[in-house]
Amino acid sequence: MEAAPAIKKTNVIDASNRVPEWVMPMVRAGVFGFDAFLTALCFFSAFTLREGDPILSSSAWAWSQQFVPYAGILLFAVPARLAMLLYFRAYRFEGAFSYLQEAIKIFKATLVSSLLIVTWAFLFRGGFAFREFSYSRAVFLVDFALALIGFTIFHIVVRFVQTRVRERGINLIPTLVVGTTAEARRTVQELNDGRYLGYRVIGIVSGRDETAVGHEIVLDGGERIPLVGSIDELADLIGEHNIHEVIITDDTLEIERLFEAMMRICRRQKVEFRFAPSIFNLLPQKTSVEQIGVLPMVRLFREPLSDAQRFIKRASDVVIASTVTVLTMPLWVLVAIVIRVDSRGPILFKQERVGMDGRRFLCYKFRTMLADADESLHRDAYLKNIEGQREANAGDEEKPVFGKVKNDPRITAAGKWLRRTSIDELPQFLNVFRGEMSVVGPRPPIPYEVEQYELWHRKRLDVKPGITGLWQVSGRNRLTFDEMVRVDLYYIENWSLLLDIKIILMTLPAMFRGDGAR
C-alpha cells in the first residue's frame, strides 16, 4: 500500500481567478446567438448553391418569390438546431471535455435537427400554403453538410479558446477532494497539472473524524492544497467556499455519513459528486462513467432529472391532465352531486401537503369524510407506520394494510365508493396544472409525516409528488413505510417517460380492482 502524502501546516484556501457569475451566462448567450446566425447562414447558402436564385426580392424589402416556400422552413430550422444543440449539451462549458466528444455532440445534434427539418418540410407543404410545391432534396442535404462543418469548426474553436483561458486559471470549477490517501493525492495532482480539464481543487476533506485542520498536502510542483475539514463538515464547507464538485477518493468512508452530508446540501447549489473507481460498491444505480484526464470517474446524478427530462415530464403531465380532465368532466359533475346529497359539507377537500424540495401546497380531493372529521386518528396511524410498529397494520397478516385507520368512522357512504375506485383523487389534476404535482411520482406526504422522516426518507422529496406512482401499482397500502420509500427512490433513480407510461397503464387495472380501498 502506498504511503499517505506528506501533510504540512497552513490555513490558506486558494480561490483566486474566479470569474463573476454573469460571465458564463453571457458566453453561453453569445455562442447560442452565433449558432442561430450560423443556422440561417447555412440554410441561405444551401438554397443559393442548389437553386441559384436570390434570397431577397430586388424590388422590395422581402423574400424573393423563389425563396418564399423555404421561409417557413427556415423559421422552424433555427429553433430546431438550437434545441438539439441544447439537448445534446453543447452549451455545457463546465468540467472536462474532449474534442472528439464535442464533435460527436455536434454530429448528433445536426443529424437529428436535419431530420426534424425534413419532416417539417413535408408537414408544412401538406398542411399549409404550398401543397403543390416540390422542395429540393439537395437543399436539405447541402444544408446538413454546411451545418455540420460550420457548427463543428465553431464549437471546436470555442473549446480551444476555453482551454487557453483555463490554462490561465480562469473558468475552473471549485472542487473538494474527500480523502487523504495516495489515491487522493494522485487525483489532486492530475487535476492540478491539467488545468485544461477545468478543475481547481480548493481543499482536501478528511473521511475520518480527526481532521488536522490547518494542514496541507504538498504536490510535486510545490503547490499546497489545504486540509479544510472532515466529512461531517462537508455540507458547511460546500456552502462556505461555493463548491461545485466533490470528488470522493476514500474507500474507507462510511456510506451513511457521505449520503447524510449529501442530503444536507440544498439542491439549488447544484453540486456534482464523483467517485473514484475504487469505491464502486458504494454506488446507486443511476451513475455514469466519465474520464477526467487520465482519471476514470463515476458521476452521481445529483439532479434526479436533467432539464430536458423535466421539460419532457412537464409536457407529458400537461397533455395527460388536459385529456383526462376533458374526458372525465361529466364524472366530476356526477360525483359533486353524489357528495352533496350524501352529507353536508364542501365538495372538495383541501389539505396541506409537502411537495418537491419541501414546498407546501394545498392538495385537492373529492371529500370522502364527514366535514368535522378528526385528523388525529390518521396522524396516530401514520406515525405508527413510519415507526414500523405492529399496530400500524390495519389489516391482518395475510392482507396487511399500512397507513390507514381500521374501520375508519369518518368515511361517508359515498366516500367508501370514491376511495375504492380512486375517483376521489381526480381533483389532483388541478394540482398538476398548477405545477405542484405530477401525474406519476411519490405519494404527497402530510407535513406531520415529513417531520418524522429520517434523513434518507427525504430523498423522495427530490421530485414532484404524483397522483399515481410505482408505490401504488406495487402494493400501495400493503407496503410498509420503508418499503414505500425504497420503491419511490427506485422510481426517482430510474425515471423515464416509458416508465411513467407503464405505471399509468398499470394504474387502470388497480383502480378497477378497488386497490384504493385496501
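Quick notes on the rules
- Residues numbered from 1 in each chain as written.
- Predicted model: local features only at pLDDT ≥ 70, side-chain atom pairs only at ≥ 80, totals over all residues.
- Heavy atoms only, no water.
- Helix = DSSP H or I, 4+ residues; strand = E, 2+ residues; numbered from the N terminus.
- Buried < 20%, exposed > 50% of the residue type's maximum accessible area, 1.4 Å probe, protein only.
- Contact = heavy atoms within 4.5 Å.
- Axes fitted to C-alpha atoms, helices over the stretch in contact; angles between N-to-C directions.
- Parallel < 35°, antiparallel > 145°, perpendicular 65-115°, else oblique.
- Nonpolar A, V, L, I, M, F, W, Y, C, P; charged D, E, K, R; others polar.
- Expected span 1.5 Å × (residues − 1).
- Salt bridge = Lys/Arg side-chain N within 4 Å of Asp/Glu carboxyl O.
- Phe/Tyr/Trp six-rings, centres within 6.5 Å; stacked < 30°, edge-to-face > 60°.
- Lys NZ or Arg CZ within 6 Å of the ring centre and 35° of its normal.
- pLDDT = per-residue confidence, 0-100.
- 1 Å grid on protein atoms, 1.4 Å probe; cavity = no way out; pocket = protein on both sides within 12 Å on 5 of 7 lines; lining within 4 Å.
- Points joined across faces, edges and corners; volume = space filled by probe spheres on them.
- Core = buried A, V, L, I, M, F, W, Y, C linked by side-chain atoms within 4.5 Å.
- Pairing = 2+ DSSP bridges.
- Right-handed = clockwise from strand over helix to strand, strands pointing away.

### Brief notes about the overall build of the protein chain
So, point 1. Within the protein chain, the regular secondary structure consists of 15 helices and 13 strands.
So, point 2. Counting only residues that meet the buried cut, the protein chain has 48% of its 518 residues in that class.
So, point 3. Taking the intrachain contacts of the protein chain between residues at least 6 apart in sequence as the baseline, contacts between residues at least 24 apart amount to 73%.

### Some points on the environment of Phe366
So, point 1. Topologically, Phe366 is positioned in strand S11 (residues 360-366).
So, point 2. You can call Phe366 buried: its relative accessible area is 2%.
So, point 3. C-alpha of Phe366 to C-alpha of Gln428: the two residues are 62 residues apart in sequence and 9.1 Å apart in space.
So, point 4. Setting aside residues up to four positions removed in sequence, Phe366 forms contacts with Trp332, Val335, Ile339, Ile347, Leu348, Phe349, Leu418, Ile423, Asp424, Leu426 and Pro427.

### Let's talk about the packing of helix H8 (residues 307-342) against helix H10 (residues 413-421)
So, point 1. Contact geometry for H8 and H10: axes closest at 8 Å, N-to-C directions at 150 degrees. Judged by the angle between their axes, H8 and H10 are roughly antiparallel. Here H8 contributes Val335, Val338, Ile339 and Asp342 to the contact with H10, which in turn contributes Ala413, Ala414 and Leu418.
So, point 2. Of the residues assigned to the contact of H8 with H10, the class counts are six nonpolar, no polar and one charged.

### Re H10
The α-helix winds at 3.6 residues per turn, so residues separated by three or four positions along the chain end up facing the same way.
So, point 1. Buried within H10 are the following residues: Ala414, Gly415, Leu418, Arg419 and Thr421.
So, point 2. Ser422 sits one or two residues past H10 and shows a positive phi near 65 degrees.

### Focus: helix H14 (residues 481-493)
So, point 1. Between its first and last C-alpha, H14 extends 18 Å over 13 residues, near the 18 Å set by a 1.5 Å rise per residue.
So, point 2. Within H14, the full set of buried residues consists of Phe481, Met484, Val485, Val487, Asp488, Leu489, Tyr491 and Ile492.

### Quick look at the pattern of salt bridges
So, point 1. For the structure on display, the rule yields 12 salt bridges.
So, point 2. One salt bridge in this structure joins Glu223 and Arg195, with 3.9 Å as the shortest N-O distance. Within this pair, whereas Glu223 is found in the loop between strand S4 (215-218) and strand S5 (224-230), its partner Arg195 is found in the loop between helix H5 (182-193) and strand S3 (199-206), the two being separated by 28 residues in sequence.
So, point 3. Looking at Glu223, the relative accessible area reads 28%, which means it is partly exposed.
So, point 4. The closest approach of N and O atoms between Glu436 and Arg434, which form a salt bridge, is 3.1 Å.

### What to know about the packing of aromatic side chains
So, point 1. In this structure the tally under the stated criterion is 15 aromatic pairs.
So, point 2. Seen from their ring centres, Phe67 and Tyr70 are 6.3 Å apart, and the 20 degrees between their planes marks the pair as stacked. With respect to burial, Phe67 and Tyr70 carry one shared label: buried.
So, point 3. Taken together, the aromatic side chains of Phe43, Phe44, Phe47, Phe67, Tyr70, Tyr135 and Phe140 make up a single cluster linked through ring pairs.
So, point 4. A cation sits over an aromatic face here: Arg159 above Phe97, 4.6 Å from the ring centre.

### As for the confidence of the model for the protein chain
Note: predicted coordinates in regions of low pLDDT should not be interpreted at a detailed level.
So, point 1. Per-residue confidence for the protein chain averages 79 on the pLDDT scale, and 77% of its residues sit at or above 70.
So, point 2. Across residues 6-13, where pLDDT falls below 50, the model places 24 contacts with residues more than four positions away in sequence or in other chains.
So, point 3. Long-range and interchain partners of residues 279-285, a stretch whose pLDDT sits below 50, account for 15 contacts in this model, where long-range means more than four residues apart.

### Thoughts on the environment of Gln472
So, point 1. Tracing the chain through its elements places Gln472 in helix H13 (residues 470-473).
So, point 2. A C-alpha to C-alpha distance of 9.7 Å links Gln472 and Val487, two positions 15 residues apart in sequence.
So, point 3. Those residues within four positions of Gln472 in sequence are excluded, and the remaining contacts are Ser422, Glu425 and Thr507.

### Quick look at empty space enclosed by the protein
So, point 1. By the definition in use, this model includes three cavities of 30 Å³ or more.
So, point 2. Within this model, the second largest cavity holds a volume of roughly 40 Å³.
So, point 3. Taken together, Ser316, Asp317, Ile320, Val439, Val440, Leu497, Asp500 and Ile504 make up the lining of the second largest cavity.
So, point 4. Of all the elements in the fold, those that place two or more residues in the lining of the second largest cavity are H8, strand S12 (438-440) and helix H15 (497-513).
So, point 5. Here the lining of the second largest cavity is built from residues that sort into five nonpolar, one polar and two charged.

### Focus on the nonpolar core
So, point 1. In terms of nonpolar packing, the biggest core is built from 35 residues, with Phe366, Phe429, Val432 and Tyr491 touching the most fellow members.
So, point 2. Going through the elements one at a time, H8, S11, helix H11 (428-433), S12, H13, H14 and H15 are the ones with two or more residues in this core.
So, point 3. At seven residues, H14 tops the list of elements feeding residues into this core.
So, point 4. When neighbours within four sequence positions are excluded, Val432 is seen to be in contact with Arg314, Asp317, Ala321, Met437, Ser438, Val439 and Ile467.
So, point 5. Among the nonpolar cores identified, the runner-up in size contains 21 residues, and Leu253, Leu258, Met262 and Phe273 belong to it.

### Brief notes about the pairing of S3
So, point 1. Across the eight residues of S3, eight count as buried, placing the element largely inside the fold.
So, point 2. Inspection of the sheet shows strand S2 (residues 173-178) paired to S3 by six bridges, in the parallel sense. Looking across to S3, one finds that Thr175 is bridged to Val201.
So, point 3. Between S2 and its parallel partner S3, the chain crosses via H5, and the hand of that crossover is right-handed.

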